Amino acid sequence: MYSFFDILDLLGTLAFAISGALAGRERRLDLFGMSILAFATAIGGGTVRDVMIGYTPVMWLTNLNYFFITLFGVFLAIIFYKKFNFLRYSLFLFDTIGIAVFTLIGIEKGMNVGLHPIICVTLGTITACFGGVIRDILANKIPIIFKQEIYATACILGGLMYYVLNYFELSKDILYIGTAGIIIVIRLLAVKYKWSLPFATV
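Bear in mind that the values here come from a model prediction, so they are computed numbers and not experimental data.

## Overview of the packing of helix 2 (residues 31-52) against helix 6 (residues 117-138)
So, step 1. In contact at an axis separation of 7 Å, helix 2 and helix 6 are set at 140° when each is read in the N-to-C sense. As far as their axial angle goes, helix 6 and helix 2 are oblique. Classified by chirality, the crossing of helix 6 by helix 2 is right-handed. Residues Ile 36, Leu 37, Ala 40, Thr 41, Gly 44, Gly 45, Gly 46, Val 48, Arg 49 and Met 52 of helix 2 lie in contact with helix 6, whose contacting residues are Leu 123, Ile 126, Thr 127, Phe 130, Gly 131, Gly 132, Ile 134, Arg 135 and Leu 138.
So, step 2. For the contact of helix 2 with helix 6, the residue count by class is 10 nonpolar, seven polar and two charged.

Next up, the structure:
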């Protein structure tokens, strides 16, 4: 029986897999190239996180659900890509859902091994963002996280919200939905209103 957290994990994996596959489609890669980008996006951040906290073998080596979910994401991207009107917006939507869910997963992983809240939020941000970093590098693009866009910042703010909600001892479902929701809302508003971080000046 899957818990609500397990379902979130699989949904985040699926969202990132579709995001990676669509990025491959946008770059006109073949099926193998799309699959590589899908796997890199779906499991890249989690792999970096698990290595950092010494959790080995990393999650996808011992749980084939990640493998099958990612392949399913590639299948959806191939079969239904024409249904995703405006490919760029579909990529953005799935990427946004992915970072929200994976931020939660990274925070929970850090808490499970007794790390400080600041480190847990950092782990959440790494889990959420590094799959996209690997995807963009493989696709020969400057990763979003290195630009002015509000991306990792949304994950950090969502991580802080997690601890605010947790302080009031709310149920886990509300905790997860509230944290993911604030990340998604911040990311959507940042793109809609073109919010950005300032350039570094000398």
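Back to the write-up after that little detour.
## Some words on the environment of Met 111
So, step 1. Among the secondary structure elements, Met 111 is positioned in helix 5 (residues 87-112).
So, step 2. For Met 111 and Phe 94, which are 17 residues apart along the polypeptide, the C-alpha to C-alpha distance reads 26 Å.
So, step 3. Excluding residues that lie within four positions of it along the chain, Met 111 makes contacts with Cys 120, Tyr 162, Tyr 163 and Asn 166.

## Let's talk about the packing of aromatic side chains
Any two aromatic rings considered together are summarised by their centre-to-centre distance and by the angle between their planes.
So, step 1. According to the stated counting rule, one finds seven aromatic pairs in the structure shown.
So, step 2. Taking 6.3 Å as the distance between ring centres and 20° as the angle between the ring planes, the aromatic pair formed by Phe 72 and Phe 75 counts as stacked. Of this pair, Phe 72 and Phe 75 are both found in helix 4 (residues 64-79), three residues apart, which corresponds to roughly one turn of the helix.
So, step 3. Between Tyr 162 and Tyr 163 the ring centres are 5.4 Å apart and the planes differ by 75°, which places this aromatic pair in the edge-to-face class.
So, step 4. Residue classification places Tyr 162 among the buried positions, given a relative accessible area of 0%.
So, step 5. The ring of Tyr 55 carries the charged tip of Lys 109 above its face, separated from the ring centre by 4.6 Å.
So, step 6. Lys 192 extends its terminal NZ or CZ atom over the ring of Tyr 193, reaching a point 5.5 Å from the ring centre.

## Notes on unusual backbone geometry
So, step 1. Note the cis peptide between Thr 56 and Pro 57, where omega equals -5°.
So, step 2. Tracing the chain through its elements places Pro 57 in the loop between helix 2 and helix 3 (59-62).
So, step 3. Despite not being glycine, Arg 28 shows a phi value in the positive range, around 60°.
So, step 4. Tracing the backbone through its elements, the reader meets Arg 28 in the loop between helix 1 (4-26) and helix 2.
So, step 5. For Asn 140, which is not a glycine, the phi torsion comes out positive at approximately 60°.
So, step 6. In this fold, Asn 140 is placed in the loop between helix 6 and helix 7 (152-167).
So, step 7. Residue classification places Asn 140 among the exposed positions, given a relative accessible area of 67%.

## Here we look at the pattern of salt bridges
So, step 1. With the rule as written, the count across this model stands at four salt bridges.
So, step 2. Its salt-bridge partner being Asp 95, residue Arg 135 comes within 3.0 Å of it at the nearest N-O pair. Here the residue Arg 135 occupies a position in helix 6, and Asp 95 occupies one in helix 5, the gap between them amounting to 40 residues. Across the pair, Asp 95 and Arg 135 agree in class, each one buried.
So, step 3. One salt bridge in this structure joins Glu 108 and Lys 172, with 3.4 Å as the shortest N-O distance. Here Glu 108, found in helix 5, pairs with Lys 172, found in helix 8 (residues 172-192); they are 64 residues apart in sequence, far enough to count as distant.
So, step 4. Taking relative accessible area as the criterion, Lys 172 reaches 40% and is therefore assigned partly exposed.
So, step 5. One salt-bridge network, held together by shared partners, links Asp 95, Arg 135 and Asp 136.

## Examining the UniProt feature "transmembrane region" (unreviewed entry) in the protein chain
So, step 1. In the numbering used here, UniProt assigns the "transmembrane region" (unreviewed entry) feature to residues 6-24, 31-48, 60-81, 86-107, 113-138, 150-168 and 174-190.
So, step 2. Structurally, residues 174-190 is divided into 100% helix and 0% strand, and its ends, taken at the C-alpha atoms, are 24 Å apart.

Analysis parameters
- Residues numbered from 1 in each chain as written.
- Predicted model: local features only at pLDDT ≥ 70, side-chain atom pairs only at ≥ 80, totals over all residues.
- Heavy atoms only, no water.
- Axes fitted to C-alpha atoms, helices over the stretch in contact; angles between N-to-C directions.
- Helix = DSSP H or I, 4+ residues; strand = E, 2+ residues; numbered from the N terminus.
- Parallel < 35°, antiparallel > 145°, perpendicular 65-115°, else oblique.
- Left-handed = near helix turned anticlockwise from the far one by under 90°.
- Contact = heavy atoms within 4.5 Å.
- Nonpolar A, V, L, I, M, F, W, Y, C, P; charged D, E, K, R; others polar.
- Phe/Tyr/Trp six-rings, centres within 6.5 Å; stacked < 30°, edge-to-face > 60°.
- Buried < 20%, exposed > 50% of the residue type's maximum accessible area, 1.4 Å probe, protein only.
- Lys NZ or Arg CZ within 6 Å of the ring centre and 35° of its normal.
- Salt bridge = Lys/Arg side-chain N within 4 Å of Asp/Glu carboxyl O.
- UniProt positions renumbered as here; feature names shortened; annotations may be inferred.

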